[in-house]
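# An overview of the molecular structure
Spelled out from the first residue to the last, the chains are:
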Amino acid sequence: MIESVLGKSVAANLSTGGTVDGDLTITGDLGVAGDVSINLTSVVSNSTIIDATGTEALLVRKNSDGGDVFIVDSTNTRIGVGVTPSYLFHAESQVDGNYVAYFKNTDTDNGYGVAIDAGDDANVNALQVRNYNGSSTFMVINGAGNVGIGSSVPNEGNLVVQ
C-alpha cells in the first residue's frame, strides 16, 4: 500500500518497476533489496543512515556517469574524493591553476592549522611532500622530528638540506 498526499491508501504494484508521481510519505522503516537510485533536487533533512557493504557502499556521481565525485568503501573502510580510494582518505583531481586541497581556520583569536599525529619512530615518515607523480621527494619530516629538504632520509641531524 502506498499512502497518497491526501492521506488515502492507494494500492500499487511496483514489483516489475514503475513510478510514483507526486509526494510520497513513508512512516516507519523502508527496506529495499537490490540497488537504489535516488535523484535529489532538495536537501535530505534529519539523519540518514546508510548501512551497506561494498567498495561503493555510497557513491555520489556527476551527471549520471560523468565521474565519481565521492565514494565510501565500507569493505576497506576508505573514503575517496574524485577517485576510487586506495588509502583511508584519498583525494585526487586534475585542478589547473589552483590547489587540490585547501584548509582554512577562520577563528580570529586562537585558530590552529592542521595537526598530523603520525610517525611512531625515526624510520617512519610523519609527512612527505613529493612531486606530481611521486617520483621525487621534496621534503620529509620523520617520526623523530628531523626535517629533510631534498633528502628522503633526514637522519644526519634535525634539518638536512641537499
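Residues numbered from 1 in each chain as written. Predicted model: local features only at pLDDT ≥ 70, side-chain atom pairs only at ≥ 80, totals over all residues. Heavy atoms only, no water.

### Points about the sheet that holds strand 5 (residues 78-81)
What counts here: When DSSP finds at least two bridges between two strands, those strands are taken to pair. Secondary structure follows DSSP: runs of H or I at least 4 residues long count as helices, runs of E at least 2 residues long count as strands, and numbering of each begins at the N terminus. For helices, the fitted axis covers only the stretch in contact; all axes are lines through C-alpha atoms, and the angles between them, taken along N-to-C directions, range from 0 to 180 degrees.
Pairing within the open sheet is mixed, and its 4 strands lie in the order 3-4-5-6. Both outer strands of the open sheet, strand 3 (58-61) and strand 6 (89-91), are each paired with one neighbouring strand and no more. In this sheet, neighbouring strand axes are inclined to one another by 5° on average, regardless of whether the strands run parallel or antiparallel. As defined by bridge partners, strand 5 adjoins strand 6 across 3 bridges and the pair is classed as parallel. Bridge pairing links Gly80 to His90 in strand 6.

### A look at the sheet that holds strand 10 (residues 159-161)
Strand order across the open sheet formed by 4 strands is 7-8-9-10, with mixed pairing between neighbours. Looking at strand neighbours, the two that pair on one side only are strand 7 (125-130) and strand 10, the edges of this open sheet. Pairs of neighbouring strands in the sheet enclose a mean axial angle of 10°, with direction left out of account.

### A few points about unusual backbone geometry
Backbone phi values are negative for most residues with the exception of glycine, while trans is the configuration of most peptide bonds. Put simply, the rule reads: Note on exposure labels: buried denotes an accessible area under 20% of the residue type's maximum, exposed denotes more than 50%, and partly exposed covers the range between, all computed with a 1.4 Å probe on protein chains only.
Residues other than glycine seldom take positive phi values, yet Thr77 does so here, at roughly 55°. Here Thr77 lies in the loop between strand 4 (68-73) and strand 5. Overall, the relative accessible area of 57% leaves Thr77 in the exposed class.

### Here we look at the side chain of Asn142
How we decide: Any pair of nitrogen or oxygen atoms within 3.5 Å is treated as a polar contact; in protein, a donor-acceptor pairing is required on top of that, and neighbouring residues in sequence qualify only through side-chain atoms on both sides.
Along the polypeptide, Asn142 turns up in strand 8 (residues 137-142). At 3.3 Å, the side chain of Asn142 forms a polar contact with the backbone oxygen of Ala122.

### Quick look at the pattern of salt bridges
Quick reminder of the rule: The salt bridge definition used is simple: a Lys or Arg side-chain nitrogen within 4 Å of an Asp or Glu carboxyl oxygen.
As enumerated under the stated definition, the model contains 1 salt bridge in all. When the shortest N-O distance is used, the salt bridge between Asp68 and Arg61 registers 2.9 Å. Accessibility expressed as a relative area gives 21% for Asp68, which makes it partly exposed.

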